[in-house]
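Structural overview
Below, each chain spelled out in residue letters.
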Amino acid sequence: MPAFTATAPGKIILFGEHAVVYGRPAIAVPVPAVRARAVISANPLGAPGSVKIDAPDIELTAFLSDLPPTHPLSAAIHGTLHQLGLPRSPACSIKITSTIPVAAGMGSGAAVTAALVRAFSVFLGKSLPDEYVSALTYEVEKIHHGTPSGVDNTVVTYARPVYFQRREPQPPLIEPFTIPLPFELVIADTGIPSSTAVAVGDVRAAWLADPERFNSLFDSVADIVRAARREISAANPQALGPLMDENHRLLQKIGVSSPELDRLVKAACQAGALGAKMVGGGRGGSMIALAPPAASAEIASALEAAGAARTIPTVIA
Ligand code: PMV
């Protein structure tokens, strides 16, 4: 029996998290060094509709019928069946694994969904186009996040750097772009789980309490995102360092950094990084540091000495 496999990469938001929820642009890139993988195998002896799920990373072994419909894996499977107009799945086993740190601002939930939707749709006989994979992943992200901007599902599905802007009620602006001159980042995980839904909810409450101040912070983030886009296109990635520092200061003002994130940002800069910032929802999760050529290892060691649970040196190309 053939197995049907699909993967999706992790992602980081280079610039623009949180402000992106409020219609400002963001730049996000895939991190192919870490990936989610879904493998589907037919079970010819099983009863139709019997779907066994094994996700060892989250210590889950269950039948689909035992999961509540709001469980993200259940929502992804039912969403795929619905999209293909099928009442139930043939009997099968689904194995989900991932090397993307969980709750670390690296899009692990979105990557699992995108990999699962892709592998499952191929198993069902019809490979869904990227736009459907992304749209289904967005629907499942609503369970994780409440009001996701749509940037995570977009990057993990298309697996390309994107300039993204929400434009409701119109569809978002999604501009995949190439990076003319690659650059090195060190990603460091604080080891403290980050709840994006909580951080996004707190920002919303603060924005409602003082819209003028927060809109102005979001506008400043948008200026940085546009400047970063210009510098990347001009093959001038070292200019991203000061922009990262400035974006981090704005995220501190928005209220989503944490002492641990600030400590890692400072340690990276002291170790020679050209700039650094937290990424994703914040409060915990991960940060990134822009490394000058050949300095990634030294910066990664400094981050580990400053308490990082894990570092991932990566080339953005
Ligand atoms: O924490 P992550 O990787 O899910 O990223 C969240 C990014 C936010 O801008 C805070 C929310 C969003 O939906 O874009």
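The structure reproduced in this document is the subject of the present report. From a predicted model like this one, the values you see are computed outputs, not experimental measurements. (Residues numbered from 1 in each chain as written. Predicted model: local features only at pLDDT ≥ 70, side-chain atom pairs only at ≥ 80, totals over all residues. Heavy atoms only, no water.)

Things to note about helix H3 (residues 130–145)
The terminal C-alpha atoms of H3, which comprises 16 residues, lie 21 Å apart, in line with the 22 Å expected from a rise of 1.5 Å per residue. Taken residue by residue, H3 has Val133, Ser134, Leu136, Thr137, Tyr138, Val140, Glu141 and His145 as its buried positions. (Helix = DSSP H or I, 4+ residues; strand = E, 2+ residues; numbered from the N terminus. Expected span 1.5 Å × (residues − 1). Buried < 20%, exposed > 50% of the residue type's maximum accessible area, 1.4 Å probe, protein only.)

Some points on the nonpolar core
The biggest cluster of nonpolar side chains holds 107 residues, and the ones touching the most others in it are Ile12, Leu14, Leu116, Phe120, Met287 and Ile299. Tallying contributions element by element places helix H2 (residues 108–123) first for this core, with ten residues. Among residues more than four places away in sequence, those in contact with leucine 116 are Ala38, Ile40, Leu73, Ala76, Ile77, Ile94 and Ile96. (Core = buried A, V, L, I, M, F, W, Y, C linked by side-chain atoms within 4.5 Å. Contact = heavy atoms within 4.5 Å.)

Notes on the site of the ligand
Surveying the vicinity of the ligand reveals 18 residues, the closest of which are Lys11, His18, Ser149, Thr196 and Gly281. Lysine 11 is positioned with one of its side-chain polar atoms (N or O) 2.5 Å from an oxygen atom of the ligand. The separation between an oxygen atom of the ligand and a polar main-chain atom of glycine 105 is 3.3 Å. Bound to the protein, the ligand loses 97% of the 380 Å² it would expose on its own. Put simply, the parts of the chain that give the shell around the ligand at least two residues each are strand S1 (3–15), helix H4 (151–158) and helix H5 (196–209). Classifying every residue of the shell around the ligand by side-chain character gives seven nonpolar, eight polar and three charged. (Near = heavy atom within 4 Å. Polar contact = N/O pair within 3.5 Å; in protein donor to acceptor, adjacent residues only side chain to side chain. Areas by Shrake-Rupley, 256 points an atom, 1.4 Å probe, with all protein chains shown as cover. Nonpolar A, V, L, I, M, F, W, Y, C, P; charged D, E, K, R; others polar.)

Re the environment of glycine 281
Mapped onto the secondary structure, glycine 281 falls in the loop between strand S9 (275–279) and strand S10 (286–291). Residue class for glycine 281 comes out buried when judged on its relative accessible area of 6%. For the pair glycine 281 and asparagine 43, spaced 238 residues apart in the sequence, the C-alpha separation amounts to 39 Å. Not counting residues up to four positions away in its chain, the partners in contact with glycine 281 are His18, Ser194, Thr196, Ala199 and Val256.

Some remarks on the sheet that holds S10
Taken in spatial order, the four strands line up as S9-S10-S8-S11 in an open sheet, and their pairing is antiparallel. With one partner strand each, in any of the chains shown, S9 and strand S11 (310–316) form the two edges of the open sheet. The sheet shows a mean angle of 25° between the axes of neighbouring strands, direction not considered. With five bridges connecting them, S9 and S10 associate as antiparallel partners. (Pairing = 2+ DSSP bridges. Axes fitted to C-alpha atoms, helices over the stretch in contact; angles between N-to-C directions.)

Focus: unusual backbone geometry
Both trends apply: most residues other than glycine have a negative phi, and most peptide bonds are in trans. At the junction of glutamate 168 and proline 169, the peptide bond is cis and its omega measures out at 10° in the coordinates. On the secondary structure map, proline 169 appears in the loop between strand S6 (162–167) and strand S7 (170–176). In this model, glutamate 59 sits at a positive phi of 50°, which is unusual for a non-glycine residue. Residue glutamate 59 is classed as exposed on the basis of its relative accessible area, which comes to 76%.

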